[in-house]
Amino acid sequence: SSGINAEYGYQFHVNDFEITDCLRKTLAHQESNISTENAIEIRYEPQAVFRVKAVTRCTSSMPGHGEAVINAAFSNDGTQLASGSGDASVRFWDLTTESPLHVCKAHRQWVLVIAWHPAGRYVASACKKGDICIWDPKSGTHIGKILSGHKKYISSLAWQPLHCSKDNVTLLASGSKDNTIRIWDVVRGQCTLTLSSHTQGVTSIRWSGDDLLYSASQDRTIKVWRPSDGVLCRTLQGHGHWVNSMALSTDYAVRIGAWDPALQGKVQSADPQTVYNKYKGAGEEFMVSGSDDFTLFLWNPAKSNKPVCRMTGHQQLINQVLFSPNGRKIASASFDKSVKVWDGKTGKFVSTLRGHVRAVYQISWSADGKLLVSGSSDSTVKIWCMRTFSLLQDLPGHADEVYTVDWSPCGTKVVSGGKDKVLKIWRA
């Protein structure tokens, strides 16, 4: 990032503070009286092996959807793009020409969620009616039958991580407002398990790299399940209101599947376990949750069902939380118009990013964790620098609220979409 670290490709920390300039200045910021007689422990860790440039310009605005774009997401290697909209369609876009590729219609209601399979083979989409469709992104055709079983709308989808799947079985989990989580065998088109223990709607689910399923709910709890047999392992309690969002420190490693960003343009190794181990970061898998009670909790679910830290500071409900790809930082987007950054291991407050003038809906990290993009109800997309915690780029262009942003895992592009029915691609 700055002089010392950019040169060596390492990050240095003393007492959980990053050394950005020189050791003396970093220690001066800390209150503890450090004696010259004592040895100081300096921790180092390798930084991302590639650099992501901040996006600065809109290379294309792609109309096509008949209603608001509710979500847009890149595939695991950033070469494909899908979007879901209030017009009940899923669209695939050609990123080379930046033009429409396929229009997929099977849903009868708003498409609320889309999720890319971690090998880019399928895209799952779920609608307000509670139906799930599986699509082939290459041809845009609907695979198998509609997976129906949920009684109310689906809020979240999660594919089983590539390194956890066995015997060529492709599993997908869905969480719904009907209080249940269902696990589907996509190839056979069957629901293999229904997990019901929540007493209110499920708001978010995550399938972890340790092959556990996390579900957050409006009943103020987070539950940890074993998806192989549906056993409820833990219930995490602490929030005083609905839990809206949840993220794992291994999300990025799970998302890229067997695609290694360090080998861009080279022959890829095909082993997902190797790629996962390389990018999951050191130590255990941490989880962060954000709620309507204006707080976040940091958890280490492998060790305890008590939170590591309660993170306060937001003045309105928290819409989204995300770990940086290396798990060192957490970002939270809130209706109080700000994005806050926290330490990913201790939960300590780091900085507030102010600049949006209305609610911040969604955020996304760049692949090297040095930049953050946010989309807001004020119709702008903003790029933030994570070294100085300041605004790097203000990207106006949308005519109305921005509902969704995603930074491609390869780092070269950002997509944004919203109420003006247009998808915008931003590049460096």
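Please read these numbers as outputs of a predicted model, since none were measured by experiment. (Residues numbered from 1 in each chain as written. Predicted model: local features only at pLDDT ≥ 70, side-chain atom pairs only at ≥ 80, totals over all residues. Heavy atoms only, no water.)

## Observations concerning the sheet that holds strand β23 (residues 296–299)
To keep things clear, this is the line we draw: Strands are labelled as partners when DSSP assigns at least two bridges between them. Runs of H or I in DSSP of at least four residues are treated as helices and runs of E of at least two as strands, each being numbered from the N terminus. The axes used here are C-alpha line fits, helices contributing only the stretch in contact, and every angle between their N-to-C directions lies in the interval 0 to 180 degrees.
If you walk across this open sheet you meet the four strands as β21-β22-β23-β24, and the pairing is antiparallel. This sheet does not close on itself; its edge strands, each paired only once, are β21 (243–248) and β24 (309–311). Between one strand axis and the next, the sheet turns through 20° on average, direction left out of account. Of the strand pairs in this sheet, strand β22 (residues 287–291) and β23 are connected by four bridges, and their pairing is antiparallel.

## Thoughts on the side chain of Ser334
Heads up, the condition is: The rule is simple: take the accessible area with a 1.4 Å probe, protein chains only, and divide by the maximum for that residue type; under 20% is buried, over 50% is exposed, in between is partly exposed.
Here Ser334 is to be found in strand β26 (residues 329–334). Residue classification places Ser334 among the buried residues on the basis of a relative accessible area of 0%.

## Observations concerning the pattern of salt bridges
Just so we agree on the cut-off: What makes a salt bridge here is a side-chain nitrogen of Lys or Arg within 4 Å of a carboxyl oxygen of Asp or Glu, nothing more.
Taken as a whole and judged by the stated rule, the model has twelve salt bridges. With its nearest N and O atoms 3.7 Å apart, the salt bridge here joins Asp131 to Lys129. A relative accessible area of 8% means that Asp131 is categorised as buried. Judged by its relative accessible area of 39%, Lys129 falls in the partly exposed class. The salt bridge involving Asp185 is made with Arg188; its shortest N-O contact spans 3.2 Å. A network of salt bridges, in which partner residues are shared, links Arg108, Lys129 and Asp131.

## Quick notes on the pairing of strand β6 (residues 81–85)
On any regular strand, side chains alternate: one points to one face of the sheet, the next to the other face. For β6, the buried fraction is high: five of the five residues fall into the buried class. The alternating pattern of β6 places Leu81, Ser83 and Ser85 and Ala82 and Gly84 on opposite faces, both of which are buried. Between the antiparallel neighbours strand β5 (residues 69–74) and β6 lie six residues, among them Gly78 with a positive phi of about 75°. Relative to strand β7 (residues 89–94), β6 runs antiparallel, the two sharing four bridges. The residue of β7 that forms the bridge with Leu81 is Trp93. Taking the residues between adjacent antiparallel strands as the criterion, β6 and β7 are bridged by three residues, where Ala88 takes a positive phi near 70°.

## Some thoughts on the nonpolar core
For clarity, the threshold we go by: Among the buried residues, those of types Ala, Val, Leu, Ile, Met, Phe, Trp, Tyr and Cys that are joined through side-chain atoms within 4.5 Å form a nonpolar core.
Counting residues in hydrophobic clusters, the biggest one holds 24 residues, and the most contacted among them are Val55, Tyr279, Val373, Val381, Ile383 and Trp407. Mapped onto this core, the elements with two or more residues apiece are α3 (251–256), α4 (272–279), β30 (371–376), β31 (381–385) and β33 (402–407). Tallying contributions element by element places α3 first for this core, with four residues. By size, the runner-up hydrophobic cluster in this structure holds 14 residues, among which are Ala126, Ile154, Leu172 and Trp184.

## Re the packing of aromatic side chains
Stated precisely, the cut-off is as follows: To pair, rings of Phe, Tyr and Trp, with the six-membered ring standing in for Trp, must have centres within 6.5 Å; the planes then decide the type, stacked if under 30 degrees apart, edge-to-face if over 60, and tilted in the middle.
Going through the model one piece at a time under the given rule, you end up with seven aromatic pairs. For the ring pair Phe92 and Trp116, a centre distance of 6.0 Å and an interplane angle of 80° mean the geometry is edge-to-face. Within this pair, whereas Phe92 is found in strand β7, its partner Trp116 is found in strand β9 (residues 111–116), the two being separated by 24 residues in sequence. Phe92 sits in the buried class, given a relative accessible area of 2%. On the basis of an interplanar angle of 40° and a centroid distance of 5.5 Å, the ring pair of Phe297 and Trp299 is categorised as tilted. Grouping residues by exposure puts Phe297 and Trp299 together as buried. Taken together, the ring pairs in this structure connect Phe335, Tyr361 and Tyr403 into an aromatic cluster.

## Here we look at the confidence of the model for the protein
In plain terms, the rule: What pLDDT expresses is the predictor's confidence in each residue, scored from 0 to 100. Note on definitions: a residue-residue contact is assigned when non-hydrogen atoms from the two residues lie within 4.5 Å.
On average, residues of the protein carry a pLDDT of 91, and 96% of them reach 70 or more. For residues 1–8, every residue scores under 50 in pLDDT, and the model assigns this stretch 20 contacts once sequence neighbours within four places are set aside.

## A look at α4
Here is the rule: The arc in question is the one spanned by the directions pointing from the helix axis to the C-beta atoms.
When α4 is considered as a whole, its buried residues turn out to be Pro272, Val275, Tyr276 and Tyr279. Seen from one end, α4 has its buried residues packed into an arc of 100°, which puts them on one side. Contact partners of the buried residues in α4: α3. Gly281 sits one or two residues past α4 and shows a positive phi near 85°.

## Regarding the environment of Gly397
Turning to its location among the elements, Gly397 is positioned in the loop between β32 (390–395) and β33. When the C-alpha atoms of Gly397 and Arg57 are compared, they prove to be 9.9 Å apart, with 340 residues separating the residues in sequence.

## Thoughts on the environment of Asp406
Threshold: Polar contacts, as counted here, are pairs of nitrogen or oxygen atoms within 3.5 Å of one another; within protein the pair requires one atom able to donate a hydrogen and one able to accept it, and residues that are adjacent in sequence qualify only if both atoms are side-chain atoms.
Turning to its location among the elements, Asp406 is positioned in strand β33. The exposure class assigned to Asp406 is buried, which follows from its relative accessible area of 7%. For the pair Asp406 and Thr274, spaced 132 residues apart in sequence, the C-alpha separation works out to 25 Å. When sequence neighbours within four positions are dropped, the list of residues in contact with Asp406 reads Ala72, Ala73, Phe74, Arg255, Ser364, Lys413, Val414 and Val415. From its side chain, Asp406 meets the backbone nitrogen of Phe74 in a polar contact 2.9 Å long. A polar contact is formed between the side chain of Asp406 and the side chain of Arg255, at a distance of 2.8 Å.

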